[in-house]
Amino acid sequence: MGPANHPPATPATLTLPEPGDIHLWRADLDAIEPDLACLNDEERARAARFRTAELTHRFAAGRTRLRQVLARYLGCTPAKVKFSYNPFGRPELAHAPPGSNLDFNLSHTENHFLLAVARGRVGVDIELSTRETDLTGLARQVMSPDELRTFEALPDPERTAAFFALWTAKEAIIKVLGTGFSRDARTLQIGWTEPLSLTDAGRTYRVRRVDYAPGVPAAVALEGVVENIRETQS
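Residues numbered from 1 in each chain as written. Predicted model: local features only at pLDDT ≥ 70, side-chain atom pairs only at ≥ 80, totals over all residues. Heavy atoms only, no water.

S.K.: I'd like a rundown of the layout of surface pockets, residues and numbers included.
M.R.: As a volume, the largest pocket reaches approximately 530 Å³. Together, 22 residues line the largest pocket, and Gly89, Pro91, Asn105, Leu106 and Lys175 are the ones closest to its centre. Of all the secondary structure elements, the ones that give two or more residues to the lining of the largest pocket are helix H2 (53-74), strand E4 (102-109) and helix H5 (156-177). Ranked by residue count, the leading element in the lining of the largest pocket is E4, at 5 residues. In terms of residue class, the lining of the largest pocket is built from 10 nonpolar, 7 polar and 5 charged. (1 Å grid on protein atoms, 1.4 Å probe; cavity = no way out; pocket = protein on both sides within 12 Å on 5 of 7 lines; lining within 4 Å. Points joined across faces, edges and corners; volume = space filled by probe spheres on them. Helix = DSSP H or I, 4+ residues; strand = E, 2+ residues; numbered from the N terminus. Nonpolar A, V, L, I, M, F, W, Y, C, P; charged D, E, K, R; others polar.)

What follows is the structure, given as structure tokens:
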């Protein structure tokens, strides 16, 4: 991804992204104080089911920050943000401004949080590339035949970075499509060459990689053309 456009301090109410623009919000979940009062009953119940205090904190902090950011686009309080879910469990705004086509997508791993907001279907993924993983086994489950041939031809030292670069891009696309893993990821050929894109059922999706942090690859996808990405630390 090219140099990010870092906007100045944002006002209480945020201007909606322009069509083709993606707003990215990142945060350290360990540095956020959860506001349980703004969460709904289901979110509080989910937070209580985690097996450690650290996981409970990170979940509640993530939902708090999600609500705080979306509330500023919607012009309401965080507690008033309402979500709906498609048949595959993809969360969406239940009361986006009429005609805005406003959408969001969230990903987090350990304490790393990344939220994408756009006018149109958007997806985002963030992973830890330092985790112990059977890369070859996973690659055979998620890569198309062409992608897999290229991957298996790489020298071993290059495979980890390559796998997660492709996987975050593919996961972002899957989240835009909203089908979850009911769709075989091997049928979604994105490839390795920039600019990354996918044409599926007559629609084109673009993917941009995100420079999040060393060892934390990320990608964002949008239906249509990505004109600009604005990042902010939240």
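S.K.: I'd love a proper account of the side chain of Arg26, names of residues and values included.
M.R.: Along the polypeptide, Arg26 turns up in strand E1 (residues 21-28). Separated by 3.2 Å, the side chain of Arg26 and the backbone oxygen of Asp211 make a polar contact. Separated by 2.3 Å, the side chains of Arg26 and Glu231 make a polar contact. (Polar contact = N/O pair within 3.5 Å; in protein donor to acceptor, adjacent residues only side chain to side chain.)

S.K.: Give a description of the sheet that holds strand E9 (residues 216-223) that names residues and reports values.
M.R.: Sheets are built from strands that pair by backbone hydrogen bonding, the pairs being arranged parallel or antiparallel. Strand order in this open sheet of 4 strands is E6-E9-E8-E7, and the pairing throughout is antiparallel. Where the open sheet ends on each side, the last strands, each with one partner, are strand E6 (122-126) and strand E7 (196-200). The average angle at which neighbouring strand axes cross in this sheet is 20°, direction not considered. (Pairing = 2+ DSSP bridges. Axes fitted to C-alpha atoms, helices over the stretch in contact; angles between N-to-C directions.)

S.K.: Which residues make up the pattern of salt bridges, and what values do they have?
M.R.: Throughout the structure, instances matching the rule amount to 17 salt bridges. The residue Arg63 makes a salt bridge to Glu43 at a minimum N-O spacing of 2.7 Å. In this pair, Arg63 is assigned in helix H2 and Glu43 in helix H1 (residues 41-49), connecting sequence segments 20 residues apart. Residue classification places Arg63 among the buried residues on the basis of a relative accessible area of 11%. Measuring nitrogen to oxygen at the nearest pair gives 3.0 Å for the salt bridge that ties Arg67 to Glu43. Pair noted here: Arg67 is in helix H2 and Glu43 is in helix H1, with a separation of 24 residues, a long-range link. What makes Glu43 buried here is its relative accessible area of 0%. Among the ionic contacts, a cluster of salt bridges with common partners joins Asp30, Glu54 and Arg58. (Salt bridge = Lys/Arg side-chain N within 4 Å of Asp/Glu carboxyl O. Buried < 20%, exposed > 50% of the residue type's maximum accessible area, 1.4 Å probe, protein only.)

S.K.: I'd love a proper account of the environment of Ser107, names of residues and values included.
M.R.: Mapped onto the secondary structure, Ser107 falls in strand E4. Residue classification places Ser107 among the buried positions, given a relative accessible area of 5%. As a C-alpha pair, Ser107 and Leu14 span 93 residues in sequence and 21 Å in three-dimensional space. The contacts of Ser107, once residues within four sequence positions are left out, are His112, Phe113, Leu114, Val124, Asp125, Ile126 and Lys175. Among the polar contacts made by the side chain of Ser107, one reaches the main-chain amide nitrogen of Ile126 at a distance of 3.0 Å. (Contact = heavy atoms within 4.5 Å.)

S.K.: Describe the packing of aromatic side chains, listing the residues and the values that go with them.
M.R.: For the coordinates displayed, the defined rule picks out 5 aromatic pairs. Aromatic side chains Phe50 and Phe59 sit 5.3 Å apart centroid to centroid with 40° between the ring planes, which places their arrangement in the tilted category. An aromatic cluster is built from Phe151, Phe163 and Phe164, whose rings are joined through pairwise contacts. It is Arg26 that lies over the ring of Tyr212; its NZ or CZ is 4.6 Å from the centre. Above the plane of the ring of Phe151 lies Arg159, whose end atom (NZ or CZ) is 5.3 Å from the centre. (Phe/Tyr/Trp six-rings, centres within 6.5 Å; stacked < 30°, edge-to-face > 60°. Lys NZ or Arg CZ within 6 Å of the ring centre and 35° of its normal.)

That's the geometry; what it means functionally is another story.
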